[in-house]
Amino acid sequence: MGSSSSLSCSSLLIALWAVVVILLISPANSLNCTSQKFTNKLYENCTDLPTLKASLHYTYNASNSSLSIAFKAPPAKSDGWVGWGINLNGTGMAGAQALVAMKNGSIVVVKKYSIASYSDIKETSKLAVDVWNLSSESDANGNFVIFASVNIPGSLEKVNQIWQVGPSVKDGFPAKHEFAAANLQAKATLELVASKSSGGNTTESGTNSTTPDSRSSSTNGTSAAYKIKDLNVRFQFGIFALLGSLMVF
């Protein structure tokens with residue numbers, strides 16, 4: 001009986017440790033845009049996008065309807081590409097104005113694409129929306145980052161955004177991406193006036209920085225990402241407490 005009880009307790013401990021390890025590497029903890037920093041570039045808001053391990057840092061200047069962004073994501077493969085764009089006429093890829101980062105030799109470059117339809121994607125020197133301060137880079141973890149400022153027409157309070165990653169580049173043109181659920185769901189609405197950051201806020205500094213608008217009041221707010229992380233931390237603490245009590249027993 002003693003041997004059987006000891007074996008059962010050991011099995012339970014192993015199972016609980018496995019749960020702890022899974023929690024420690026869960027996406028809710030690993031995907032947190034507040035830990036991402038860029039040299040000499042700070043943004044009011046950041047959000048962990050729901051698919052493709054992507055994140056968006058952004059500041060919206062209501063005085064001139066400009067949106068400054070840093071989009072970060074890992075390409076599907078090391079020689080692949082990542083893209084971000086806005087769609088003023090729909091919610092998907094068709095009709096979007098996109099920025100795509102890809103490798104050109106050892107450096108990462110960013111190009112502009114007008115997407116009239118899924119079969120009509122053209123590189124262009126000028127998009128339907130004005131874009132400036134355009135640049136790109138890669139980090140030590142293989143992520144590509146797109147920096148840009150985009151003029152948002154009119155007095156929109158929200159804009160449809162899309163993002164995507166692909167496996168390769170052929171003759172300087174991004175190859176087709178996968179059509180898995182994560183790829184097909186890579187679209188969302190970005191609030192421009194009422195900030196609803198899911199990662200935390202900082203004040204933008206740089207050549208286009210201005211006095212933050214009323215959205216800065218959300219700086220001390222609790223984000224969705226933090227709520228998830230807090231729940232995970234509490235659950236992990238409970239697991240450790242349970243393990244400690246079993247060991248003592």
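What counts, and where the lines are drawn
- Residues numbered from 1 in each chain as written.
- Predicted model: local features only at pLDDT ≥ 70, side-chain atom pairs only at ≥ 80, totals over all residues.
- Heavy atoms only, no water.
- UniProt positions renumbered as here; feature names shortened; annotations may be inferred.
- Core = buried A, V, L, I, M, F, W, Y, C linked by side-chain atoms within 4.5 Å.
- Buried < 20%, exposed > 50% of the residue type's maximum accessible area, 1.4 Å probe, protein only.
- Helix = DSSP H or I, 4+ residues; strand = E, 2+ residues; numbered from the N terminus.
- Contact = heavy atoms within 4.5 Å.
- Salt bridge = Lys/Arg side-chain N within 4 Å of Asp/Glu carboxyl O.
- Phe/Tyr/Trp six-rings, centres within 6.5 Å; stacked < 30°, edge-to-face > 60°.
- Lys NZ or Arg CZ within 6 Å of the ring centre and 35° of its normal.

If you look the protein chain up in an unreviewed UniProt entry, it shows as DOMON domain-containing protein from Manihot esculenta. Its UniProt record gives the protein chain a comment under Subcellular location (unreviewed entry), which states: "Membrane".

Could you clarify how one ought to interpret the nonpolar core in this entry?
Note that soluble globular proteins tend to have their nonpolar side chains buried in a common cluster. Residues Leu67, Phe71 and Trp84 are the most contacted members of the largest nonpolar core, which totals 31 residues. Mapped onto this core, the elements with two or more residues apiece are β2 (55–61), β3 (66–73), β4 (81–87), β5 (97–104), β6 (107–117), β9 (144–151) and β10 (158–166). Residue contacts for Leu67: discarding those within four places in its chain leaves Tyr58, Thr59, Tyr60, Trp84, Ala148, Ser149, Val150, Ile152, Leu190 and Leu192.

I tried to follow the pattern of salt bridges on my own but got confused; where do I start?
Any two side chains of opposite charge can pair if their charged atoms end up close together. Scanning the entire structure with this criterion turns up 2 salt bridges. One salt bridge in this structure joins Asp139 and Lys72, with 3.2 Å as the shortest N-O distance. A residue pair is termed long-range when its members are at least 10 positions apart, and Asp139 in the loop between β8 (131–138) and β9 and Lys72 in strand β3 qualify at 67 residues. Lys72 sits in the buried class, given a relative accessible area of 14%. One salt bridge connects Lys126 with Asp130, and the closest N-O pair in it is separated by 3.2 Å. Its relative accessible area of 57% is what places Lys126 among the exposed residues. Among the residues examined, Asp130 registers a relative accessible area of 41% and is labelled partly exposed.

Help me out: how do you make sense of the environment of Ser119 in this one?
Along the chain, the position of Ser119 falls in the loop between β6 and β7 (120–123). A C-alpha to C-alpha distance of 9.1 Å links Ser119 and Ala94, two positions 25 residues apart in sequence.

Honestly, the packing of aromatic side chains in this entry has me stumped. Any pointers?
Aromatic ring pairs are defined here through the distance separating the ring centres and the angle between the ring planes. The full count for this structure, using the stated rule, is 3 aromatic pairs. Between the aromatic rings of Phe38 and Tyr43, the centroid separation amounts to 6.4 Å while the plane-to-plane angle is 85°, which identifies the pairing as edge-to-face. Across the pair, exposure class does not vary: Phe38 and Tyr43 are buried alike. Here the aromatic rings of Phe38 and Phe147 are separated by 5.4 Å at their centres, their planes lie at 90°, and the arrangement is edge-to-face. Here the residue Phe38 occupies a position in the loop between α2 (27–30) and β1 (45–48), and Phe147 occupies one in strand β9, the gap between them amounting to 109 residues. Taken together through their ring pairs, the aromatic side chains of Phe38, Tyr43 and Phe147 make up a single cluster. Stacked on the ring of Phe147, the Lys or Arg Lys41 has its end atom at 5.0 Å from the ring centre.

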